[in-house]
Number of protein chains: 2
Amino acid sequence: MFDSKKFYSKLGVTFESSIMNSIILPKPGTKLIRFTGGSYDVPSLPSAEVKRIFEEASPQAWAEMLQYGETAGMPSLLKELSTFMAGHKIKTDPTKEIIVTTGSQEAIDLVSRVFIDKGDMILVGAPTYLQALSAFRTQYPKFVDIPIDFEGMDTHILEEKLKKIKATGKKAKMLYIIPSFQNPDSSLMTLERRQRVLELADKYDFIIFEDNPYGYISFEGPMPTPLAGLDKSGRVMYTSTFSKMVSPGMRIGWITANPEFTDHMIEAKNNTSICNDGLSQYAAAELFRRGDVARQIPKVTRVYRKKRDVMLEAMETSFPKKAKWEEPKGGLFLWVKLPRGFDTDSLLMESVKNGIAFVPGSLFFSKPVHNYLRLNYSLPSEEDIVTGIQALGRLLKEKL
Amino acid sequence: MFDSKKFYSKLGVTFESSIMNSIILPKPGTKLIRFTGGSYDVPSLPSAEVKRIFEEASPQAWAEMLQYGETAGMPSLLKELSTFMAGHKIKTDPTKEIIVTTGSQEAIDLVSRVFIDKGDMILVGAPTYLQALSAFRTQYPKFVDIPIDFEGMDTHILEEKLKKIKATGKKAKMLYIIPSFQNPDSSLMTLERRQRVLELADKYDFIIFEDNPYGYISFEGPMPTPLAGLDKSGRVMYTSTFSKMVSPGMRIGWITANPEFTDHMIEAKNNTSICNDGLSQYAAAELFRRGDVARQIPKVTRVYRKKRDVMLEAMETSFPKKAKWEEPKGGLFLWVKLPRGFDTDSLLMESVKNGIAFVPGSLFFSKPVHNYLRLNYSLPSEEDIVTGIQALGRLLKEKL
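Everything numeric in this text was worked out from a predicted model, so none of it was measured. (Residues numbered from 1 in each chain as written. Chains lettered and ligands numbered in written order. Predicted model: local features only at pLDDT ≥ 70, side-chain atom pairs only at ≥ 80, totals over all residues.)

## Observations regarding the overall build of chain A
Point 1. If you tally the helices and strands in chain A, you get 14 helices and twelve strands.
Point 2. Over its C-alpha atoms chain A spans a radius of gyration of 21 Å, differing by no more than 12% from the 21 Å that the globule rule assigns to 400 residues.
Point 3. Its C-alpha atoms put chain A at 60 × 60 × 60 Å along the principal axes.
Point 4. Within chain A, the fraction of its 400 residues that count as buried is 55%.
Point 5. Taking as baseline every contact in chain A between residues at least 6 positions apart, the subset at least 24 positions apart corresponds to 75%. (Helix = DSSP H or I, 4+ residues; strand = E, 2+ residues; numbered from the N terminus. Rg over C-alpha atoms; globule rule 2.2 N^0.38 Å. Buried ≥ 20, exposed ≤ 12 C-beta atoms within 10 Å, placed from the backbone. Contact = placed C-beta atoms within 7 Å.)

## Topic: the interface of chain A and chain B
Point 1. The interface of chain A with chain B comprises 77 residues on the first partner and 76 residues on the second.
Point 2. Among the secondary structure elements, those contributing two or more residues to the side of chain A that touches chain B are α2 (47-55), α3 (59-66), α5 (103-115), α6 (130-137), α10 (259-272) and α11 (278-289) of chain A.
Point 3. For the side of chain A that touches chain B, the element with the highest residue contribution is α10(A), accounting for ten residues.
Point 4. A class-by-class count of the residues in the side of chain A that touches chain B yields 31 nonpolar, 30 polar and 16 charged. (Nonpolar A, V, L, I, M, F, W, Y, C, P; charged D, E, K, R; others polar.)

## Looking at the sheet that holds strand β4 (residues 142-149) of chain A
All names here are of chain A.
Point 1. Reading across the sheet, the eight strands line up as β2-β9-β8-β7-β6-β3-β4-β5 and stay open at both edges, with mixed pairing between neighbours. Edge positions in the sheet fall to β2 (98-102) and β5 (152-153), since each of these pairs with one other strand and no more.
Point 2. Contacting β2 and β9 (252-256), helix α4 (residues 75-86) crosses the sheet at an angle of about 105 degrees to β2. (Pairing = 2+ DSSP bridges. Axes fitted to C-alpha atoms, helices over the stretch in contact; angles between N-to-C directions.)

## Let's talk about helix α14 (residues 382-399) of chain A
Residues and elements named next belong to chain A.
Point 1. Between the first and last C-alpha of α14 there are 26 Å, a value that for 18 residues agrees with the 26 Å anticipated at 1.5 Å per step.
Point 2. Turning to α14, its buried residues are Ile-385, Gly-388, Ile-389, Leu-392 and Leu-396. Buried residues of α14 fall within an arc of 100 degrees about the axis and therefore sit on the same side. In α14, the exposed positions that point more than 90 degrees away from the buried face belong to Glu-383 and Glu-398. (Expected span 1.5 Å × (residues − 1). Arc of directions from axis to C-beta.)

## Looking at the sheet that holds strand β3 (residues 121-126) of chain B
Residue and element names in this part refer to chain B.
Point 1. The sheet built from eight strands is open, its strands ordered β2-β9-β8-β7-β6-β3-β4-β5 with mixed pairing. Every interior strand has two partners, whereas the edge strands, β2 (98-102) and β5 (152-153), have only one.
Point 2. Note: strand β4 (residues 142-149) against β5, two bridges, orientation antiparallel. Paired with Asp-149 across the bridge in β5 is Gly-152.
Point 3. Contacts from helix α4 (residues 75-86) reach β2 and β9 (252-256), with the element oriented near 105 degrees to β2.

## What to know about the domain arrangement of chain A
Residue and element names in this part refer to chain A.
Point 1. Splitting chain A by domain gives domain 1 (4-46 + 296-399) and domain 2 (59-293).
Point 2. For domain 1 versus domain 2, the separation of C-alpha centres amounts to 24 Å.
Point 3. Facing the 27 residues of domain 1 at the interface are 31 residues of domain 2.
Point 4. Counting residues per element, the ones that place at least two in the side of domain 1 that touches domain 2 are α12 (292-318) and β10 (333-337). (Domains from an automatic or database assignment.)

## As for the environment of A:Met265
All names here are of chain A.
Point 1. Position of Met-265 relative to the elements: it lies in helix α10.
Point 2. Among the residues examined, Met-265 registers 27 C-beta atoms within 10 Å and is labelled buried.
Point 3. Taking the C-alpha atoms as reference points, Met-265 and Arg-394, separated by 129 residues in sequence, lie 49 Å from one another.
Point 4. Excluding its chain neighbours within four sequence positions, the residues that come into contact with Met-265 are Ile-99, Leu-110, Val-114 and Ile-255.

## Points about the packing of helix α5 (residues 103-115) of chain B against helix α6 (residues 130-137) of chain B
Residues and elements named next belong to chain B.
Point 1. Here α5 crosses α6 at 30 degrees, and the two axes come no closer than 9 Å. The angle between α5 and α6 falls in the class roughly parallel. The handedness of the crossing between α5 and α6 is right-handed. Contacts between α5 and α6 involve Gln-105, Ile-108, Asp-109 and Ser-112 from the former and Gln-131, Ala-132, Ala-135 and Phe-136 from the latter.
Point 2. Residue composition of the contact of α5 with α6, by class: four nonpolar, three polar and one charged. (Parallel < 35°, antiparallel > 145°, perpendicular 65-115°, else oblique. Left-handed = near helix turned anticlockwise from the far one by under 90°.)

## A short note on the pairing of β2(B)
Point 1. Across the five residues of β2(B), five count as buried, placing the element largely inside the fold.
Point 2. Side-chain alternation along β2(B) places B:Ile98, B:Val100 and B:Thr102 on one buried face and B:Ile99 and B:Thr101 on a second face that is also buried.

## Remarks on the relation of the copies chain A and chain B
Point 1. Laying chain A over chain B is done by rotating through 180 degrees and shifting 0.0 Å along the axis; what remains is an RMSD of 0.0 Å. Look at the turn and shift together and you get a two-fold axis relating the two.
Point 2. In this assembly the copies share their binding face: 99% of the residues contributing to the interface of chain A also contribute to that of chain B. (Least-squares fit on C-alpha atoms with pLDDT ≥ 70 in both.)

## Description of unusual backbone geometry
Point 1. Note that the residue after B:Ala126, namely B:Pro127, is joined by a cis bond; omega there is 10 degrees.
Point 2. Position of B:Pro127 among the secondary structure elements: in the loop between β3 and α6.
Point 3. Along the chain, B:Asn183 connects to B:Pro184 via a cis peptide bond; the corresponding omega equals 15 degrees.
Point 4. Tracing the chain through its elements places B:Pro184 in the loop between β6 (172-177) and α8 (191-204).
Point 5. Of note in this structure, A:Ser186 is not a glycine but carries a positive phi near 60 degrees.
Point 6. When you line up the elements, A:Ser186 lands in the loop between β6 (172-177) and α8 (191-204).
Point 7. Here A:Ser186 falls in the buried class, since 25 other C-beta atoms lie within 10 Å of it.
Point 8. In this structure, A:Asp205 takes a positive phi of about 55 degrees despite not being glycine.
Point 9. Structurally, A:Asp205 can be placed in the loop between α8 and β7 (207-211).

## Considerations on α3(A)
Point 1. Regarding α3(A), the residues found buried are A:Trp62, A:Glu64, A:Met65 and A:Leu66.
Point 2. On the buried face of α3(A), the contacting elements are α11 of chain A together with α2 (47-56) of chain B.

## Section: the pairing of β10(A)
Residues and elements named next belong to chain A.
Point 1. Counting buried residues in β10 gives four out of five residues, a clear majority hidden from the surface.
Point 2. Pairing geometry for β10 and strand β12 (residues 372-376), over five bridges, is antiparallel. Note that in β12 the partner of Val-336 across the bridge is Leu-373.

## Some points on the packing of α2(A) against helix α3 (residues 59-66) of chain B
Point 1. The geometry of α2(A) relative to α3(B) is characterised by a closest axis approach of 10 Å and an angle of 95 degrees between their N-to-C directions. Looking at the two axes, α2(A) sits roughly perpendicular to α3(B). Facing A:Ser47, A:Val50 and A:Lys51 of α2(A), the residues of α3(B) in contact are B:Pro59, B:Trp62, B:Ala63 and B:Leu66.
Point 2. Class assignment for the residues of the contact of α2(A) with α3(B) results in five nonpolar, one polar and one charged.

In structure tokens:
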């Protein structure tokens, strides 16, 4: 065997396989209770609906599915996505302002490539989505952390940081934000703060990249209006996905932005995937057209609300007093704060031995913070939630 | 509207939308005869087979399709791919040496990220696949062109260039190669040259990235053994795809490499797409398992052979004497050489006005070469091939 190590690029050598990968994604044959990734509740998946769509597809539809499609996406799906977004005040031209992507993750990758240069200042929540941080990192930006509280990103601190950056003669280029049921802490940004962020973007001349996978899973009333629905400037790029509301396996995500930005991202996509899979694009368009998406969202939201309640109740009775959390009004996660100095990275190793997995909070910060953990309630059964939370509670009590 | 232009990265600003994009991919409602992209013969698409697979899928299969899957790919598909590749002497462990990708294009992107640094010397055919060049370019390598003749890459010139590079104290890092029915010229590398390339890789210590979308479309006997089937060193990474042999719309590609390399590429894929679509992965695994792939390849190869013959005959009678080409023994393309000084980029504009599109040869070279054009015969009907070639022949005769 030749010496393979010297062939990696500077970026490539950083792609070491991590323990987290084997833990976050479910693997067949293991007996772990997983409070890890944001996977779907299996019994709620729209199998019957998708099956029916393929049964009823015409020969023309099959030809469209199995042949190359346009890079931006299947026209019927783009049209449905435009209509869907109009329902939450985001106005888009489906022929030039939307790109279908492989989940939101590909949208994040396209934005990274098309907008981020080495050293660019990117404003991110602390904490925020771990795989956005890792995708951005492939372009070597400088992260500027903005604290998140339970009303979302702190816009006072955001403005202070922007002022400081301006005072040094520099500029922030982009803000990455998950305003509705933020991953990992499920915080919900207030309308006032949403409007403030948009004002600051105009004043300090940066672009906004809004990620909204969780907003649809809202336990108290309709989804809060996204920044993209409030924006008048064209500065907001908006991505969402089927992964939390319909099906993660279909890998249907999308991004909308002003047509110049989408043009450049389409060209970038030509180098990475050429176009999305036709089978799932066709099924997605039909799920919209038949009203299945509109029925699926409240259906799965009820399931997740129930699971959240079960998890909250189990935590209330099993977790030590020093563990703190807020009650999520939507989304898939509970975010637990432990006393300063507590290290959830090492807790994970022990927890896995006890048959329970979670995601340590350190992964959601651009700088090291170790006293948080994230618990997912969408995948495990109600029974496993109770068993797993009790076991984790015992372990936490031992350690605290 | 704010000034959007200043927000692009150095890479992003290069992603200008090109005329070629609107020409290469078929668009509904236009009346162009397209000899452009490598699209599939529509009547040959395996619609009935895929439809049957979804009709017969079990509830467990639906749950697997619609949920997140493993980043490397669906285990059943990885197993089928391993068996399939064993049929052409490529031995792989399906649990750690194969990654399912979104067509071959994502494999090319993953290799670009994990292996190419700015300034790295990458050996490429002249000509070679245009979207490999553009994907590699996102990492700013230095291309070293190796001429291709109808017996494939010229290994004498390859060795001369390697000697010269060594003499300057430098090293080539990677060779990108399409040995069987090379895009765009459909050349077929001899076994002797294949073995020579592997010897040179050991001697000059570079890695090989073999791209084999077309080898399966072989008009005279079985597919020639890929470099990956001859290699003993672990230096060869091999990618192939459903796009030419089964269905491009399914976006099923894969890459195999030594397990250290795949480990790093799986981590890279976590940042870009997380995992492939479950619907098309399940269908692909079943198409293999049921023998549909084994039946589909000779079926579509017969269709392409017939279309090649129709195109060759029309060219023989319609093209001017100064246009030169070789008869492809496989693949989807005819590569036409015109006299030095002839510019096929400007010919394209005029040709499109006459209702005919092709791909100008300049796109397949890392440095400007303008007197070639590529004609695809897999997509257009036999009737359109005759009509289109006659019209293109008239135009060429006018110009020459």
